[in-house]
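So you can see what is in the structure, the chains are spelled out below.
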Amino acid sequence: MSNEQMSAMVIPEFGPAEVLRPTTVAVPEPGPGQIAIDVAYAGANFAEILYRQGVVDVALPFVPGIEVSGRVRALGAGVEGPAVGDPVAALTIVDSGGYAEVVVTAADLVVPFDETRLSPAVAAAVPSNSTTAFLVLDRVARIEPGESVLVHAAAGGVGSQLGRAARLLGAGRVVGTVGSPAKKEIARQFGYDEVILREELAAAGEFDIVVDMVGGPTRRASLDRLAPMGRMVVMGNASGAADVGLSANELWFTNRTVSGFNLAAFAAAHPVETGAAMRRAVGAVTAGELIVQVATLALDRAAEAHRRIESGATTGKLVLEVAPSRSGSRGPGPGRGARADQSAMAANMPAS
Ligand SMILES: NC(=O)c1ccc[n+]([C@@H]2O[C@H](COP(=O)([O-])OP(=O)(O)OC[C@H]3O[C@@H](n4cnc5c(N)ncnc54)[C@H](OP(=O)(O)O)[C@@H]3O)[C@@H](O)[C@H]2O)c1
């Protein structure tokens, strides 16, 4: 740590959204193999709510923030690039700290992007959910061409990435579920052949792959939708329901598989592979193959972002503005080419 001070949004104690406090803390410096980033935007995620609630035990006071966009501020020993000043998207999930003016993370988890083709606000939303989408389908579910895929909460942050990622990876039928009729139309743009209400699940047919981040009764119902040799990936519990016990004997008798995925643990254990998946995700978003819909809020409204996410009413992604002027662009705008326009439309979709 240096003597220099910066602003950060801190969790001083576990509790409701109101515990989040703007605080002055020491600017972190990069250790060997790390990069320090001047943050422009920080993604707001369900994970940060779990930290704030104490569901995931972290040492307090704690600066949340698992992903950012910004510019390289300084390189730690042994790091050769990107250059100081380059625009980058970074996964900060291993040590958190993204809700701040400066964050430090492993160089393997930092990916440069082209600001003329990808808005920094959108870039901040890519490292967690878009990367997770590729890792879950490819690395964990080991998707094969033509396989059918069912994704829950299809209009949400990670759900909005999984539909199109499945398409890019050669999926056959891709179906999304949502919790309310209003979200059906929103989810359709995210690569789903069909979007159904979660209560209609029993009539949805069988799937080779199911991705469940909702948990509770949805988890049990999802296992029932799995085809023989099908794989269900458990990757969240957005419903907050009690853990669901699944029978190992049932898996044995029915040739089904249940796997788990956690990006924080994966990135800590496999930073190079995580970085490769991030580059793939940044490339797909830059090319318009993945659509990332963001709505922005100032960092000092982080509590409101948390409340909105916890309400279950949001679609796409909320991104916090830390210092947007640092990005060299005040968000997406016209005149930056066809691809940039596509990102701009995605970034400028109505906040919810
Ligand atoms: N394992 C990992 O590495 C990883 C990575 C990214 C995300 N996740 C997990 O994936 C889940 C979704 O994350 P996200 O970033 O996509 O968040 P999100 O955009 O807020 O999506 C959560 C969605 O879950 C559904 N939901 C169902 N019951 C809910 C309830 N009681 N309260 C709130 N939402 C409820 C809602 O969609 P409907 O209205 O359609 O029901 C809601 O929009 C979270 O559990 C998160 O922890 C895990």
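Relevant structure appears above.
Residues numbered from 1 in each chain as written. Predicted model: local features only at pLDDT ≥ 70, side-chain atom pairs only at ≥ 80, totals over all residues. Heavy atoms only, no water.

Thoughts on the site of the ligand
Let me state the cut-off plainly: One heavy atom suffices: a residue is near a molecule or strand as soon as one of its heavy atoms comes within 4 Å of it. Here a polar contact is recorded for every N or O atom pair within 3.5 Å, except that within protein the pair must consist of a potential hydrogen donor and a potential acceptor, and residues adjacent in sequence are included only if both atoms are side-chain atoms. Buried and open spaces are told apart on a 1 Å grid over the protein atoms alone, a cavity being a set of points where a 1.4 Å probe fits but cannot get out and a pocket being an open set with protein on both sides within 12 Å along at least five of seven lines. Residues with an atom within 4 Å of a point are the lining residues. Being in a pocket or cavity means that more than half of the molecule's atoms lie within 2 Å of its grid points. Under the DSSP-based scheme used, a helix requires at least four consecutive residues in state H or I and a strand at least two consecutive residues in state E, with every element numbered from the N terminus. In the scheme used here, Gly and all other residues not listed as nonpolar or charged are polar, with Ala, Val, Leu, Ile, Met, Phe, Trp, Tyr, Cys and Pro taken as nonpolar and Asp, Glu, Lys and Arg as charged.
Contacts to the ligand come from 24 residues, most closely from Gly-157, Val-158, Lys-183, Phe-261 and Leu-263. Within the backbone of Leu-263, a nitrogen or oxygen atom sits 2.7 Å from an oxygen atom of the ligand. One of the backbone N or O atoms of Gly-312 is found 3.5 Å from an oxygen atom in the ligand. Judged by the proximity of its atoms to the pocket grid, the ligand belongs to the largest pocket. Taken together, the elements giving at least two residues each to the shell around the ligand come down to helix H3 (129-140) and helix H10 (302-311). Of the residues assigned to the shell around the ligand, the class counts are 10 nonpolar, 11 polar and 3 charged.

Re the packing of H3 against helix H9 (residues 271-286)
Selection criterion: Helix axes are fitted to C-alpha atoms over the stretch in contact, other axes to C-alpha atoms as well, and angles between N-to-C directions run from 0 to 180 degrees. For any pair of crossing helices, the crossing counts as left-handed if the nearer helix is rotated counterclockwise from the farther one by less than a right angle, and right-handed if it is rotated clockwise. Contact between two residues is taken to exist if any of their heavy atoms lie within 4.5 Å; hydrogens are not considered.
Put simply, H3 and H9 touch, their axes get as near as 8 Å, and they point 115 degrees apart. For H3 against H9, the interelement crossing comes out right-handed. Across the interface between the two elements, Ser-130, Thr-131, Phe-134, Leu-135, Asp-138 and Arg-139 from H3 touch Glu-273, Thr-274, Ala-277, Met-278, Arg-280, Ala-281, Ala-284 and Val-285 from H9. Class assignment for the residues of the contact of H3 with H9 results in 7 nonpolar, 3 polar and 4 charged.

Topic: helix H4 (residues 159-168)
Heads up, the rule is: Exposure classes here rest on a 1.4 Å probe applied to the protein chains alone. A residue is buried below 20% of its type maximum, exposed above 50%, and partly exposed in between.
Within H4, 7 of the 10 residues are buried, which leaves the element mostly enclosed by the surrounding structure. Taken residue by residue, H4 has Gly-159, Ser-160, Gln-161, Leu-162, Gly-163, Ala-165 and Ala-166 as its buried positions. Summarising the contacts, the buried residues of H4 are in contact with H3, strand E8 (149-151), strand E9 (174-178) and strand E11 (207-212).

None of this, on its own, says anything about what the molecule does.
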